[in-house]
Each structure stands twice: as C-alpha cells, then as structure tokens.
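# Coordinate analysis (summary)
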Amino acid sequence: MMSEEQALEQNRQRSQSKVSKILKEFDNLNNCGLGLGDVRLTVIGRDGYRVSFDAHKWVLIEKSGFFREKLRDREKGVMHTVEISECDDVEVYLETLVLMYCDDLKKRLMGEEVYKVLALLKVSAAIMFDAGIMSCLEYLEAVPWSEDEEEKVIFHLSQLQLHDSATEVLQRVSTELSTSPRADDIFLKLLNGVLQAKDDKARREMKTVISRLFREDSSDHDNRLDVSKDTLYSLCHGCLSSLVLCLSEATCMDDTRHDRGGLMSEIAREAENLQWIVDILIDKQAADEFVKLWADQKELAVLHSKIPTIYRHEISKITAQLCIAIGRGQILVPKETRFSLLSTWLEALYEDFGWIRRACKSVDKKLVEDGLGRTILTLPLLQQQAIMLKWFDRFLNKGMTAPIFKAFEVWWRRAFIRQYAGEQDNSQLQITVCDYPN
C-alpha cells in the first residue's frame, strides 16, 4: 500500500509535469508573433515550489485589473519582474494566465471538471481577470453538477462575493420561496398529486421518494422549508371524508352492482393514502392530534364493521400504525385519548388482524402485536383488565385475533403478583450509633 509521503510525492510529480506542459504553451506564444515577453513572472506555491516564465505586459494590463495596477506606470522597453507568493495551486495560476491569451475561452474550458473551473474562477477573481470570471461562470451555469459539486459551487461563489455575476449560476439552486406559506402551497400541490394519482405503481413509488426526502437532513432545521402541520392535517381530513363517503356508499350497495370492485379499490387506496400521511406526521413528531382525530371517528368505525374484511383491513392498519408509534414512545397523548383510540378501533383491529397478517407482506405482525400490547399496558390497571379479559374471551372462542400474550403476562403479574400498594410504608428506620474505643 502506498504511504502518505509516496502519495504526496506522486501528486507533486504529476503537478510538475502539467506545469511543464503549460510553460511550453508560453514558449509557443512567444514564437507565434507576439514577440518575447517583457514581464518576468515568478509564481511560488505554499510548499516552496516556484516557477518562472516570461509573459507580455500588454496582455496582462489589458486582461487583468491586478496586473494593470502593478505595471501600468512602469517604464516601457525594459524587463519587469513580478513575484506571486503563497499561491494555493501553481498549476491553476499558470492555467489562468494562459486563458488571458485565448480568443475562445469557452472552447478552452470545454471538458474541464467543475472543481477545476472553480479553481480557475478563484484565481481569475483574485487577479481581476473579468473575461476569465465570466467564462468560468458561463461554463458553471451550463454544465450539470453532482450533489458534491453543487455544494462546492455554492460555497465558492458565496466566498468570492461575485454578487450579480453569480446570480444566473445559482438560479438552479436558489428559490423565490422566501416564505414558508409559498413553499407550503407547493408541498400541498405535490402531496395532493400523489394522493390523487391514477397509476397505483407510480403513486407508491412517489410516496417512497417523498417520504425519504422529508426524512433527509431533518436535523438541519434552520436551512430548510418544511411542510406545515396544517397542510398535513388538511390532507388527513380529506382522506377521512373520502373514506366515510366510500364506506357509506359501499354499505348501501348490493353484491350484484358491477362497480362494487372499483369502490372497494377506492376504499383501500384512501386508507393507504391516510397511512402515508400518518407516517409523515409520526416522523415529524406531529401525530398526537391525529390520535384523537382517529379515536373520534365513531361513524367510520360503524361503517367499517359493515363491509367485508377483505376490503376494509387497510383501514385497521392505521390503528396498528398508531399503536406501534405509541408503543415506541413516538406519540405522546393523554391516557384518555389512548383509551378512546382503543375503545373505537380495537374490535376492528381484532377482526382484521388475520387479513393484515396474511395479505400485507409489508406489515411486521410482531411489531403490531408489541405495539398494541404496549399501548394497552400504558392505561390504568382497571382499563387494562377490562381489555385483557375481553381479549381472553375472544381469543379462546374465535382464535383469529392479535395474540398479545406478552402484554397479557405483564398485566397478570401487575394484577396478581407484583401488586403495587399506593400507601407508603410509615415505619421508621431504627439507627443505632455506637462508640468504640480506639
């Protein structure tokens, strides 16, 4: 394996080889009718590496504000000496000087990497080479960037403070969405577009992409525009209204109706849409209000019980989703809300659990069982007891229900073995102090 010193030496040799090629270009310029150079330029790198060559005073003065200031009042007809020290990259500095001699800077830059053009831009800005600055900016505006390159472009342009000159380059990353409400309008349009998509495969793929983007860089709260809670809850209300409407229509429909299958597909789709929005709310730690909202859906729960399980089990997955999040401590709501949630939807989850387990490969049944059990165990003991006794009877008589044995065992121990006494022990600890001779 190459050592660090060997790698540095190899890079140094590679750079010196490129510098030699650039110096040959200056020699060729001197032999192409421009005459001998009358300015001796010496460029010294931070590592002490130095290069000297002859350039033409009139080119430097015409193209560079820096050299114009240094050489304008110097005596004509004599050789001038200019030394540039502490140079970050000798090779890039020389290449920038070569650009001053080019008639077609765009052609010269063609095919260069973004990092190289940024380095050329930095030197051009330092020596006030306006044509070089504009050519580099035009190149950066035209070529695609990788995400790493994008960060470098933004960083360098902000450091160079080129102001209006850099505006066009940064248009692909800058935004006019200076306020959150304007961004929220776009988020609403995007999310609504996904929810209303006609192609099921495309809808699911886009849900995955958008969920990942919402999770991305979630720690950087200062520099991001995020979807508002109000927007997400407005979408939740829309999905709930659609579900109530679809289920109402489904309960009034007989089996001979030819469009029954389409309506049932609509129910499943609206339930999936709601699951997706709830996932986003959970990720954003904003789902507490939805628990109460879901617990209050008494009408929906009644309608749910009137249609076949094969069509409705996606709705029960929302309850499972909330129980998993509550069981993990991702949603914090009062015990009254937790009990209301289970009072409204627990029977439906029991009824549909078999279908959820068989039909939904994406659902981890152990997560559902653990989440449901933990949610029940957060309730006061008497409420736990009522739920557990009802589950016990149901499991023995019907079998097909959520097997929450672990929670049942915990409740049993709390109720019969490790009974907590609310009264404190008033006995006082007796302390005896004895003195012993040394």
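Anyway, here's the lowdown on the structure attached to this text.

Analysis parameters
Here the residue numbers are simple positions, counted from 1 along each chain's written sequence. Local features in a predicted model are, by the rule used here, given only for residues with pLDDT of at least 70; side-chain atom pairs are given and counted only at 80 or more, and totals for whole chains, interfaces and linings are based on all residues. Think of the side-chain values as coming from all heavy atoms in the structure, minus any hydrogens and water. Think of it this way: any DSSP run of H or I at least four residues long counts as a helix, any run of E at least two long counts as a strand, and we number them from the N terminus. Only protein chains enter the accessibility calculation, which uses a 1.4 Å probe; a residue is then buried when its area is under 20% of its type maximum, exposed when over 50%, and partly exposed in between. Contacts are assigned to residue pairs with any non-hydrogen atoms lying within 4.5 Å of each other. For every accessible area listed, the method is Shrake-Rupley and the probe measures 1.4 Å; residues are considered covered only by the protein chains on display. Salt bridge, as used here, is a side-chain nitrogen of Lys or Arg placed within 4 Å of a carboxyl oxygen of Asp or Glu. Angles here are taken between N-to-C directions and fall from 0 to 180 degrees, while the axes themselves are lines fitted to C-alpha atoms, restricted in helices to the stretch in contact. Convention used here: angles under 35 degrees read as roughly parallel, angles over 145 as roughly antiparallel, angles from 65 to 115 as roughly perpendicular, and any remaining angle as oblique. One requirement defines pairing of two strands: DSSP has to find at least two bridges between them. Working definition of a nonpolar core: buried Ala, Val, Leu, Ile, Met, Phe, Trp, Tyr and Cys residues. They are joined through side-chain atoms within 4.5 Å. Put simply, a patch holds well-exposed residues, over 30% relative accessible area, that have no salt bridge, with like charges counted together within 9 Å and Val, Leu, Ile, Met, Phe, Trp or Tyr side chains within 5 Å. Two helices that cross are described as forming a left-handed crossing if the nearer one is turned anticlockwise from the farther one by less than a right angle, and a right-handed crossing if clockwise. Note on residue classes: Ala, Val, Leu, Ile, Met, Phe, Trp, Tyr, Cys and Pro are nonpolar, Asp, Glu, Lys and Arg are charged, and everything else, Gly too, is polar. When charges are counted, Lys and Arg contribute as positive and Asp and Glu as negative, whereas His and the chain ends are disregarded. A charged residue contributes its charge at one atom only: NZ of Lys, CZ of Arg, CG of Asp or CD of Glu. Side-chain rings of Phe, Tyr and Trp (the six-membered ring for Trp) are treated as a pair once their centres are within 6.5 Å; stacked means planes under 30 degrees apart, edge-to-face means over 60, and tilted covers the remaining angles. Given a helix with a known number of residues, its expected span is that number minus one, times 1.5 Å. The arc in question is formed by the directions pointing from the helix axis toward the C-beta atoms. We define a polar contact as two N or O atoms separated by no more than 3.5 Å, with the added condition that, inside protein, one atom must be a possible hydrogen donor and the other a possible acceptor, whereas residues neighbouring each other in sequence contribute only through side-chain atom pairs.

As a further point, take the overall build of the chain. What the chain contains, in helices and strands, is 20 helices and 3 strands. With 438 residues in all, the chain has 41% of them scored as buried. Of the contacts formed within the chain by residues at least 6 apart in sequence, a portion of 70% connects residues at least 24 apart. With an accessible surface of roughly 26,500 Å², the chain has 51% of that area assigned to carbon and sulfur atoms.

What follows covers the pattern of salt bridges. This structure, assessed with the given rule, holds 26 salt bridges. Across the salt bridge formed by E216 and R212, the nearest N and O atoms sit 4.0 Å from each other. By sharing partners, the salt bridges in this structure join R46, E86, D88 and K122 into a single network.

In this fold, E272 is placed in helix α13 (residues 260-283). Residue E272 is classed as buried on the basis of its relative accessible area of 17%. If we ignore the near neighbours within four places in the chain, the residues touching E272 are R203, R204, K207 and E314.

Between helix α11 (residues 200-215) and α13, whose axes approach to 10 Å, the crossing angle comes to 5°. Classified by the angle their axes make, α11 and α13 are roughly parallel. Where α11 abuts α13, its residues D200, R203, R204, K207, I210, S211, F214 and R215 lie against R269, E272, N273, W276, I280 and D283.

Turning our attention to the sheet that holds strand β2 (residues 50-55). What links the strands of a sheet is backbone hydrogen bonding, and the strands pair in either a parallel or an antiparallel sense. One open sheet holds the 3 strands; their spatial order is β2-β1-β3, and the pairing between them is mixed. Two strands in the sheet have a free side with no partner beyond their single neighbour: β2 and β3 (80-87). For this sheet, the mean inter-axis angle between neighbouring strands, taken without regard to orientation, is 15°. Judged from the 6 bridges that link them, strand β1 (residues 39-45) and β2 form a sheet pairing that is antiparallel. By the bridge assignment, V39 is partnered in β2 with A55.

Quick look at the nonpolar core now. Grouped together as the largest cluster of nonpolar side chains are 52 residues, with contacts concentrated most on I267, L274, L281, F290, W294 and I331. Those elements that place two or more of their residues in this core are α10 (180-195), α11, α12 (229-251), α13, α14 (288-295), α15 (298-304), α16 (309-327) and α17 (335-359). Setting aside chain neighbours within four positions, we find I331 in contact with I282, A287, D288, V291, L322, A325 and I326. Counting 47 residues, the second-largest nonpolar core is a separate cluster that includes F53, L60, F67 and L99.

Turning to a nonpolar patch on the surface, a few remarks are in order. Taken together, the side chains of W412, F416 and I417 define a hydrophobic patch exposed on the protein surface, amounting to about 350 Å² of accessible area. Mapped onto the secondary structure, F416 falls in helix α20 (residues 405-417). According to the relative accessible area criterion, F416 is partly exposed, its value standing at 47%.

Before going further, it helps to spend a moment on the packing of α12 against α14. Following both chains from N to C, one finds α12 and α14 inclined at 20°, their axes separated by 11 Å at the closest point. On the basis of the axis angle, α12 is roughly parallel to α14. Both α12 and α14 take part in a crossing whose hand is right-handed. When α12 is examined against α14, the residues K229, Y233, C236, H237 and L240 are found in contact with a partner set consisting of D288, E289, F290, L293 and W294. Considering only residue class, the contact of α12 with α14 consists of 6 nonpolar, 1 polar and 3 charged.

On to the pairing of β2. Burial of the side chains of β2 is restricted to one face: V51, F53 and A55 are buried, whereas none of R50, S52 and D54 on the reverse face is. Between the end of β1 and the start of β2, which pair antiparallel, lie 4 residues, with G48 showing a positive phi angle near 95°.

With that settled, the discussion passes to a positive patch on the surface. On the surface, a cluster of positive charge is contributed by R14, K18, K21 and K24. As for its position among the elements, K18 is in helix α1 (residues 4-34).

Considering all chains together, one arrives at 13 aromatic pairs under this definition. Look at F290 and W294: their rings are 6.0 Å apart centre to centre, the planes differ by 15°, and that puts the pair in the stacked class. With F290 and W294 both in helix α14 and 4 residues apart, this pair spans about one turn of that helix. In this structure F290 comes out as buried when scored by relative accessible area, which is 0%. Accessibility expressed as a relative area gives 0% for W294, which makes it buried.

A word on the environment of D288. For D288, the position within the fold is in helix α14. Along the primary structure D288 and L322 are separated by 34 residues, whereas in three dimensions their C-alpha atoms are 9.5 Å apart. Discounting residues that sit within four places of it in the chain, D288 has contacts with Y233, I331, L332 and V333.

Once that is clear, we can look at helix α6 (residues 114-126). Side chains three or four residues apart in an α-helix point the same way, a direct result of the helix having 3.6 residues per turn. Helix length check: α6 (13 residues) gives 18 Å between terminal C-alpha atoms against 18 Å at 1.5 Å per residue, within 8%. The elements touched by buried residues of α6 are α4 (90-99), α5 (105-109), α7 (130-142) and α8 (147-160). Just downstream of α6 lies M128, where phi reads positive at about 55°.

Turning to unusual backbone geometry, a few remarks are in order. Even without being a glycine, E86 presents a positive backbone phi close to 55°. Of note in the backbone geometry, M128 takes a positive phi value of approximately 55° without being a glycine. Position of M128 among the secondary structure elements: in the loop between α6 and α7.

Right, let's get into α11. Helix length check: α11 (16 residues) gives 23 Å between terminal C-alpha atoms against 22 Å at 1.5 Å per residue, within 8%. Every buried residue of α11 is accounted for by R203, K207, I210, S211 and F214. Down the axis, α11 shows its buried residues gathered within 105° of arc, on one side only. Turned more than 90 degrees from where α11 packs its buried face, K201 and T208 sit exposed. For α11, the side-chain oxygen to backbone nitrogen distance between the N-cap and K201 is 3.0 Å, and the N-cap itself is D199.

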